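Working through the structure, step by step
For reference, the chains in residue letters:
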Amino acid sequence: MVGRDPTAGRQHRRPRAAPVGSLAVTAAPSRRSERLGTELLTNLTLRELRGKYKRSALGWTWSVLNPIVTIAVYALVFSRFLRTEPPIGDPSGRNAYVLFLVAALLPWTFLANSMTAATSAYTQNDSLVTKVWFPRVMLPVSVTLGWLITFVIEMLVALVIFAMVDPKVLVFALALPVLIAIEGVIVVSVSVMVAIANVYARDTEHIVRLATNLWFWVTPVIWPPSLVPRDEIMFGVPIGVIVRCNPMWYVAEAFRDLLYDLRLPSATTWAALLATAIVTAGLAVVVHRRYEPRLAEEL
Amino acid sequence: MTSPATNGPAVSIEGVSKRFRLLQDRQSTVKSMVVNRSRRSRYTELWALENVSFDIAAGTSYGLIGHNGSGKSTLLKCMARILTPDKGTISVNGRLSSLLELGAGFHPELSGRENVYLNGSILGMSKRDVASRFDDIVEFASLERFIDAPVRNYSSGMYVRLGFAVAINLEPEILLVDEIMAVGDEAFQRRCMEQFARLKERGCTVVVVSHNLTQVRSFCDEVAWLDTGQLRGTGPAGVMIDRYLDALESPHGAEQHRSGPIVSVDLVGPDGDPLEAVTAGAAATFRIRWRPDEVDGPVNIALGLYSGALRLAGVNSSASGLGPEITSRGQLDYSIDHLSLAPGTYRLAVALHDETMRQVHQRLDPALVFDVAGGTGGDTAGHLHLGGRWG
């Protein structure tokens, strides 16, 4: 976790004895409140999506234009200027840098966009957080959901292109929903945590921006993983091991397995992804429980 | 707590305490946290509420009164679940809606229609509920013509009306209201009061925080009086308000200038010297000074003149068309050539708003308690100094 909580060093002073402030509210029929929660999330997500491109001449086109331009620039610089050779797809035999790039860049952009945007989910909606009660966690969650929808649309467009190259990709694409769901869990957990951290320490915004940038370059999105000198030692550990401590390594790898190499990700990759999802989700729940009740007064 | 008891309390507050940590120098940066970790003296602790317990019976209209910083808004926010008490419990029995801020969560780029649905779901209304009441909401807000325009083009009055219309149509069983009668024009305020009365008839429990004691007296059945975080008492509205006012007008009750941008409120004579008392019919100036850096921009100052719970006058600086160079400099005078008050003790309340009157920076009641001495006019009764001549 980035931002330090000002109360962290002082928790022994907190009154631990029960009853700690609690609220009992008439339990409404749970199906109704569930439906209301879903509707609220839908409305907040729509607000995210609609608000994003309002008052811009190109509107929704931006959500398509952005990735296209990014892909074009990376492809130009890395493929043409720097002569980066993509690894040959195994077993697909594919050898196209753009496809290699797109397969990992889209899931990466989802994480980066959601994380950066969610950081200010509470701080930007302070009037809402301090004036109305509602399940506040919906704020960062709706930000992630907004970007998830953008990601899925981008993925569908990309899939058409992949299928034109080799229709066999559609078989492997059946595993995509599972993969996207796992990445979604990781992204939403991180987003919830950075949103809370930013309330307690506004530096989080800057740290997140910086960290996202660094993270991007240590993740094999634009460069092939084969570039890492496996056996070279850094800090007494082989570099090959260090780079694999990055959960996004496995995300990039898994998407590439399905879309570029046309194979199922290895058991190790699945295990690493699942473990990351469980750990981040668990952390997010703990952080949320501990720090969410005080959000209104810290804002 | 699961079965809504019809005659049990709507809200039950038991031993609630709420502590705020006031950072001496509010810098939430990682650096300051790391650097200052060992220096705990940088916090001052403030108990905004201390061991407050009382019940609010279902169907009553309940007022929370007390001067600024008494904890009444904190208590209301605890009931609304926005703040979590440090100790004690609050049980709420029924569907709760709060009018703490009207139109909170409106997205400026979205249309009024889209915002109604958004705001409704934030307040816990289902899409179907909103759809079935949509026309009522729009009609109540009188925004039929503008409902599909983006909210950013709304005037502040339209904004508030729409927010109120959504919240009131939730048909809550318990409604929390914080000073919203202070916004909007006269006609809108009247409609709000009518709407509250209608809700009350329907058996809705209304909890109101207000500085307008006249309104509290006429609207509320019961009142809880809070003083620096402690409950001074609960009881029938009239009795409690009288007790509160007695305490206010005694010299010890006039607690001044708690935290907020207002530096001082003074009664000064024509030469600028502070006056202890003013003679009926003489010149007087109310001088309000505030810290402009804390309010960030031009302000609107509202003065309210009271005798007991009776409001004698209310004036508003925004009506005078002063430029921002005057209303942002940190001092504003309200000068009266002939103070038309009969001898007696009066109370001045001051509210400092932002220019649009949407945000209250600080409200002081009493800001000033002053005496008017008898002049030559022979005033013997009432509040008005007529200033006429015999002969």
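Residues numbered from 1 in each chain as written. Chains lettered and ligands numbered in written order. Predicted model: local features only at pLDDT ≥ 70, side-chain atom pairs only at ≥ 80, totals over all residues.

Attention now goes to the overall build of chain A. Each helix and strand in chain A was counted, giving 13 helices and three strands. Considering chain A as a whole, with its 299 residues, one finds that 36% of them fall into the buried category. For chain A, long-range pairs separated by at least 24 residues make up 79% of all intrachain contacts whose partners lie at least 6 apart in sequence. (Helix = DSSP H or I, 4+ residues; strand = E, 2+ residues; numbered from the N terminus. Buried ≥ 20, exposed ≤ 12 C-beta atoms within 10 Å, placed from the backbone. Contact = placed C-beta atoms within 7 Å.)

With that settled, the discussion passes to the overall build of chain B. Helices and strands together make up the secondary structure of chain B, namely ten helices and 17 strands. Across the 391 residues in chain B, those meeting the buried criterion constitute 40%. Put simply, of all contacts in chain B between residues at least 6 apart along the chain, 73% involve residues at least 24 apart.

Our next topic: the nonpolar core. Counting 142 residues, the largest nonpolar core has Met79, Leu176, Val207 and Val208 of chain B as its most contacted members. Here this core takes 15 residues from helix α3 (residues 97-119) of chain A, the largest share from any one element. Other than its neighbours up to four places away in sequence, Met79 of chain B contacts Val11, Ile90, Val92, Leu176 and Val207 of chain B. Counting residues in each nonpolar core, the second largest holds 29 residues, with Val278, Ala280, Tyr346 and Val350 of chain B among its members. (Core = buried A, V, L, I, M, F, W, Y, C linked by C-beta atoms within 7 Å.)

Looking along the chain, the bond that leaves Asp90 of chain A and enters Pro91 of chain A is cis, with omega of 10°. Tracing the sequence through the fold places Pro91 of chain A in the loop between α2 (61-81) and α3. A positive phi is found at Phe235 of chain A, a non-glycine position, where the angle reads about 50°. By secondary structure assignment, the location of Phe235 of chain A is in the loop between β2 (233-234) and β3 (237-238). Judged by the 6 C-beta atoms lying within 10 Å of it, Phe235 of chain A is exposed. Positive phi is not limited to glycine here, since Arg81 of chain B has a value of about 75°.

Residues and elements named next belong to chain B. Bridging between strand β8 (residues 222-227) and strand β9 (residues 230-236) involves six bridges; their strand directions are antiparallel. Residue Ala224 lies in a different strand from β9, and its bridge partner there is Thr234. Joining the antiparallel neighbours β8 and β9 is a turn of two residues, in which Thr228 adopts a positive phi near 40°. (Pairing = 2+ DSSP bridges.)

Let's shift gears to the pairing of strand β12 (residues 284-290) of chain B. Residue and element names in this part refer to chain B. Only one face of β12 is buried, namely the one carrying Ala284, Phe286, Ile288 and Trp290, since none of Thr285, Arg287 and Arg289 on the opposite face is buried. Across six bridges, strand β10 (residues 262-268) lies against β12 in antiparallel orientation. Within β12, the residue paired with Val265 across the bridge is Ile288. As judged from the six bridges shared by β12 and strand β15 (residues 331-336), these two strands associate in the antiparallel manner. Note on β15: the bridge partner recorded for Ala284 is Ile336.

Glancing now at helix α5 (residues 156-168) of chain B. All names here are of chain B. The end-to-end C-alpha distance of α5, which contains 13 residues, comes to 18 Å, matching closely the 18 Å that a straight helix rising 1.5 Å per residue would cover. Along α5, ten of the 13 residues are buried, which leaves the element largely enclosed by surrounding structure. Of the residues making up α5, those classed as buried are Tyr159, Val160, Arg161, Leu162, Gly163, Phe164, Ala165, Val166, Ala167 and Ile168. Buried residues along α5 sit against β5 (96-99), α3 (112-122), α4 (127-140) and α6 (186-201). (Expected span 1.5 Å × (residues − 1).)

What follows covers the confidence of the model for chain B. Residue and element names in this part refer to chain B. Averaged over all residues, the pLDDT of chain B equals 81, while 88% of them reach at least 70. Within the model, pLDDT remains below 50 along residues 1-5, and this stretch shows nine contacts once partners closer than five positions in the same chain are excluded. Note on residues 251-257: pLDDT is under 50 here. Beyond four places in sequence and across chains, it has nine contacts. This prediction of the complex comes with two scores: 0.71 for pTM and 0.71 for ipTM. (pLDDT = per-residue confidence, 0-100.)

Moving on: the confidence of the model for chain A. Per-chain confidence: chain A averages 85 in pLDDT, with 90% of residues scoring 70 or above. Predicted confidence is poor over residues 1-29 of chain A, with pLDDT under 50, and the contacts of this stretch with residues over four places away or in other chains come to 50 contacts.

Residues and elements named next belong to chain B. Spatially, three strands are ordered β10-β12-β15 in an open sheet, and the strand pairing comes out antiparallel. Strands with a single pairing partner mark the edges of an open sheet, and in this sheet they are β10 and β15. Looking at each pair of strands side by side, their axes are set apart by 10° on average, direction ignored. (Axes fitted to C-alpha atoms, helices over the stretch in contact; angles between N-to-C directions.)

Bringing α4 of chain B into the picture now. It helps to recall that an α-helix has 3.6 residues per turn; residues three or four apart then point in one direction. All names here are of chain B. Its 14 residues give α4 an end-to-end C-alpha distance of 19 Å, which sits within 8% of 20 Å, the value for a rise of 1.5 Å per residue. Its axis deflected by about 55° at Arg133, α4 carries its strongest bend there. Within the sequence span of α4, burial applies to Val130, Arg133 and Ile137. If you follow the buried residues of α4, they end up packed against α3 and α5. Downstream of α4 by one or two residues, Ser142 has phi in the positive range, about 45°. (Bend = angle between axes of the 7 residues up to and from the residue.)

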